[in-house]
Amino acid sequence: MSNQSVQTVGTSGDKLKVVLAVVAAIAGVVGFFYLAGQPTLVRAAALVVGLLISVGIAYTSTSGRDFINFSKEAVRETKKVVWPTRKEATQITLIVFAFVVVMAMFLWGTDKLLEFLLYDLILGWKN
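Within every chain, residues take consecutive numbers counted from 1 along the sequence as written. Residue-level local features of this predicted model are given only where pLDDT is at least 70; pairs of side-chain atoms are given and counted only at 80 or more, and the full residue set underlies all totals for whole chains, interfaces and linings. Computation of side-chain values covers all heavy atoms of the structure but excludes hydrogens and water.

**With respect to a nonpolar patch on the surface**
Together, Leu113, Leu114, Phe116, Leu117, Leu118, Tyr119, Leu121, Ile122, Leu123 and Trp125 give the surface a local cluster of nonpolar side chains, amounting to about 1000 Å² of exposed area. The topology assignment puts Tyr119 in helix α4 (residues 86-122). Under the scheme applied here, a residue whose accessible area is under 20% of the maximum for its type counts as buried, over 50% as exposed, and between as partly exposed, the area being computed with a 1.4 Å probe on protein chains only. Assessed through its relative accessible area of 32%, Tyr119 is described here as partly exposed. To count toward a patch, a residue needs a relative accessible area above 30% and no salt bridge. Like charges then connect within 9 Å, nonpolar side chains (Val, Leu, Ile, Met, Phe, Trp, Tyr) within 5 Å. Accessible surface is estimated by sampling points in the Shrake-Rupley manner with a 1.4 Å probe; for residues, cover comes only from the protein chains shown. Throughout this description, the term salt bridge denotes a Lys or Arg side-chain nitrogen within 4 Å of a carboxyl oxygen of Asp or Glu. Secondary structure elements follow DSSP: runs of H or I of four or more residues count as helices, runs of E of two or more count as strands, with numbering from the N terminus.

**Observations regarding the environment of Ile68**
Relative to the helices and strands, Ile68 is located in helix α3 (residues 62-80). Separated by 18 residues in sequence, Ile68 and Arg86 have C-alpha atoms that sit 33 Å apart.

**Here's the deal with the UniProt feature "transmembrane region" (unreviewed entry) in the chain**
UniProt positions are given in the numbering used here, feature names are shortened, and annotations may be inferred rather than shown by experiment. The feature "transmembrane region" (unreviewed entry), as given by UniProt, occupies residues 18-36, 42-62 and 89-109 in the numbering adopted here. From the first C-alpha to the last, residues 42-62 spans 32 Å; its make-up is 90% helix and 0% strand. Helix makes up 100% of residues 89-109 and strand makes up 0%, while its end C-alpha atoms are separated by 30 Å.

**So, the packing of aromatic side chains**
Note on aromatic contacts: the rings of Phe and Tyr and the six-membered ring of Trp form a pair at centre separations within 6.5 Å, being stacked when their planes are under 30 degrees apart, edge-to-face when over 60 apart, and tilted otherwise. Counted by the stated rule, this structure contains one aromatic pair. Look at Phe32 and Phe33: their rings are 5.2 Å apart centre to centre, the planes differ by 85°, and that puts the pair in the edge-to-face class. Consider the ring centre and the ring normal. A charge sits over the ring if Lys NZ or Arg CZ is within 6 Å of that centre and within 35 degrees of that normal. A cation over a ring is seen here: Arg43 above Phe32, with NZ or CZ 4.1 Å from the ring centre.

**Considering the pattern of salt bridges**
Here the structure, examined in full by the defined rule, presents two salt bridges. Note that Lys80 and Glu77 form a salt bridge whose closest N and O atoms lie 3.3 Å from each other. Taken together, the residues Lys80 and Glu77, both in helix α3 and three residues apart, mark about one turn of the helix. As a salt-bridge pair, Glu115 and Lys112 come within 3.3 Å of each other at their nearest N and O atoms. Here Lys112 and Glu115 lie together in helix α4, a separation of three residues that amounts to about one turn.

See the structure below:
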C-alpha cells in the first residue's frame with residue numbers, strides 16, 4: 001500500500017474564484033494609481049479594499065484556504081526558530097570571514113603553483 005498523498009484537481013468554480021481574486025487585487029492596485037489626484041487616504045483605501053475583497057474571494061476556494069493554512073504554518077514554524085545572540089552572530093561572522101581569507105590564500109597559492117608548473121616547467125615559457 002502506498003503512503004503517497006493524492007493531489008486532487010480543483011473544480012472550475014475554484015479556478016474561477018482564484019481568477020476573480022487576482023482580478024480584485026489588480027483592481028485595487030489600478031484604483032490606487034488611477035486616483036493619483038485624490039488624497040492619500042482615499043488611494044490607500046482603494047488598495048486595501050481591493051486586497052481585502054481579493055483575500056475574501058480567495059478564502060472561499062480550496063487553494064486559497066490551503067495557501068492561508070500554509071502561511072499560518074510558516075509563521076508558526078518561524079516562531080519556533082531559536083535566533084542566535086549578538087555574540088554568537090558576531091563569532092559566526094568572524095569565522096566565515098576567516099575561512100574566506102584562508103580559502104582565498106589557498107586558491108591563490110594553488111593558482112600560482114599550477115602557473116609555475118605549466119608555464120615555466122612544462123611549456124618553458126618565462127613570464
